[in-house]
Amino acid sequence: MDMETITSKRLIMISGKGGVGRTTLAAAIAIAAAKNGKRVLLAEVGDNEGDESPLAHLFGKKNFTEIPAQLDQNLMACRLWAPQGHKLFLQHILPGGAILSAALRSKALQAFLTAAPSFCEMGWFYHLLTLIKEMNSDGQPRHQLIIIDMPATGHTLALTTLPKILIRLIRSGPIVDALSEGQRVIYDPDKSSSWVVTLPEKLPVSEALELLEGLHASNVPIGGIFLNRFPQNPFQPDEFDTINRIFNDHNIYGKLSFQRIIRSQEAEKRLLKEIDVPIIKVDELTRGGFELPAQIAQKFNPITGDV
Amino acid sequence: MNSPLTGIIKDKRLIVCCGAGGVGKTTVSAALAVKAARMGKKVLVLTIDPSKRLAEALGVERSPPEPVRPPISKLRQIGISPPGDLEAWMLDPQVIADTVVEKYANNKEEASSLLSNRIYKNVTAMVAGMQEYTAVQAMHTFLKNDRYDLIILDTPPSRNALHFLEAPKRISRLLNGRIFRFFIPSDTSLIKRAVSTVLNKAMDISLGKTNRVELTTFFSLFSAILSRLNHNAGELRSIFKQKDSSFLVITSPAQEAIEEALYFEKKTRDDLDMPFNGYILNRSLANTNHKNYPDESLFSNHIISELTLNKVKDLAEHELAQMKAHTNLLENIRKRLGPSLFAEALPYISDGVSDLETLATLVDALPSN
């Protein structure tokens, strides 16, 4: 699996539990794809007004707005914002004039759309759909590739199961039309793929497998797994037994690191055994903060090579 | 001198564990609960979206309608005996919603008509704040009836993990008459009725009339039920502010986790004015000394090449550097917090808390008195 194949979609959803480096990896993939000439939009799912955004922090900003902003050549970023989706949807379905402006002005309607079950997800979904459909004057998509950093596993599943649930509920009408249109993108393996980021440790791997199962059940095409912060193994296979014995016999520093190397290999073996999706190991890097995504992106280049 | 953390476990009635996802918050919450139960307290640990394995370790179901006590044999195994007692409740949104409906519906018909409503079945679990609200609600009841000496709340894994504090407010916003007025036009004001007609029309266009009517039924039933349990949000908030409540921030030494932790500290203490007491630095290599450096003399029994030995030394160097960094981090946090607040380190346990034994190891690593 090379980077070109990974980024050959219209939409990539990156999910995973907290603390696995998901946001950093989403940023790294976006940077790598943008460097290779794709017009990339990096998006996050915005929950609350005023929330700080870890994704924006990586680019030295406090947060992103619902309007895509240029970060670098070929690279834009925004948040998916439910109220924006609602507004766009109302503008789309309602005849102009009195009804539209009453609807847009109504605080009650806004409050309802924010608080009522699944309407929030519908807002994200419609906002995303609008961004996917945006065209440049030359008829080419404004954003060739949209990469979403999904903040919580619950959000991922809510967003991916939304079309199915709502279509079952509502059956027809403009909402269903919009959902079906979106479905044709997010359930199409040529246009979209979903990646799960996890760490090479027991519990994170169990959680990743659980999330993959959920994604699979919601019909979203699975890209694969990023096994992040994979520790480097300096030892040759024939050294392993000796080293193992040494660490068992002596209480010396380095034992924890060695155990971690063993666990990471076990985690990889388990994934290979239990699922049949591409697994991409991302080496552990020592640097953190601002430089990390760019550093990982470097590793992804050239895109034609294996990562 | 007694450790401040032990003092908190001993004296408080409510401990709220906040922190970013992936730092082991649920595990630390469980460890604090076991510690308190060992000290003879009746403890409830309330957790949302728990890991499967923790539930398995404690031998409890994953989403029961009520708190569950692990089997007595497991309690004994982990050093808990009467009067100490431990119960765990792992909340599941759908189970909670159903329980609430059954408990608060006016009668069986009302309950069953809501439980079988197409919309209810599909979307209840998505009601924002439902879980948090129920957790806070349950806590309120338990604190009032003295069933437990101590409740430990493992906060939900959201980016803004303090949302649960706002759950009552958010639910009441949903229940706010203003929202429903346009669904159920009973208003006398001509203008309001006109607006409501316009909005209903908008809803009809987007949803279809049948759906709108069904949605209206759902909301009027569901809101009636929710409003029955809609305590004063202020009252619930005041519980958290009481002297016998304590907010702890759990973090790992990872940089992102530390950044989030600082945010939680600021938010609980300064913005929300909650009784913040300190940090637990989980998965830390601080205080893991008493080891040897790998030099030649140690390995006389093994045939080991210089190349291999150097690789082992590299690992040792790396671990020493991490240990030093974690120790500095702990010291810096302590220095910044000052004497009235605390920071404790818990070790990295290599197997993760997969069973009772490793959970017990973590409990043993808590300050002993």
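Because the structure is a prediction, the values reported are computed rather than measured.

Basis of the calculations
Residues numbered from 1 in each chain as written. Chains lettered and ligands numbered in written order. Predicted model: local features only at pLDDT ≥ 70, side-chain atom pairs only at ≥ 80, totals over all residues. Heavy atoms only, no water. Helix = DSSP H or I, 4+ residues; strand = E, 2+ residues; numbered from the N terminus. Buried < 20%, exposed > 50% of the residue type's maximum accessible area, 1.4 Å probe, protein only. Expected span 1.5 Å × (residues − 1). Contact = heavy atoms within 4.5 Å. Disulfide = S-S within 2.5 Å. Pairing = 2+ DSSP bridges. Axes fitted to C-alpha atoms, helices over the stretch in contact; angles between N-to-C directions.

**Student:** Could you give an account of unusual backbone geometry, with specific residues and numbers?
**Tutor:** Residues Pro82 of chain B and Pro83 of chain B are joined by a peptide bond in cis, for which omega reads 5 degrees. Note that Pro83 of chain B resides in the loop between α4 (72–77) and β3 (85–91). In this model, Asn74 of chain A sits at a positive phi of 70 degrees, which is unusual for a non-glycine residue. Tracing the backbone through its elements, the reader meets Asn74 of chain A in the loop between β3 (69–72) and β4 (75–81). Of note in this structure, Asp146 of chain B is not a glycine but carries a positive phi near 60 degrees. If you trace the backbone, Asp146 of chain B turns up in the loop between α8 (130–145) and β4 (150–154). Here Asp146 of chain B falls in the exposed class, since its relative accessible area comes to 55%.

**Student:** How would you explain helix α14 (residues 255–271) of chain B if you had to name every residue and give the values?
**Tutor:** Residues and elements named next belong to chain B. For α14, built from 17 residues, the straight-helix expectation of 24 Å at 1.5 Å per residue is met to within 8% by its first-to-last C-alpha distance of 23 Å. Those residues of α14 that sit buried are Ala257, Ile258, Ala261, Phe264, Glu265, Lys267 and Thr268. Packed against the buried residues of α14 are β1 (14–18), β5 (245–251), β6 (276–284) and α15 (306–337).

**Student:** Talk me through the state of the cysteines; I want residue IDs and the actual numbers.
**Tutor:** By the definition in use, this model includes zero disulfides over all chains. Residue Cys17 of chain B stays outside any disulfide, its sulfur separated by 7.5 Å from that of Cys18 of chain B, the closest cysteine.

**Student:** Describe the sheet that holds β1 of chain B, with residues and values.
**Tutor:** All names here are of chain B. One open sheet holds the seven strands; their spatial order is β3-β2-β4-β1-β5-β6-β7, and the pairing between them is parallel. Looking at strand neighbours, the two that pair on one side only are β3 and β7 (342–347), the edges of this open sheet. Neighbour-to-neighbour, the strand axes of this sheet turn through a mean angle of 20 degrees, independent of strand direction. The sheet contact formed by β5 and β6 spans five bridges and is parallel. Following the sheet pairing, Ile250 is matched in β6 by Ile280.

Any functional reading would require information beyond the geometric quantities listed.
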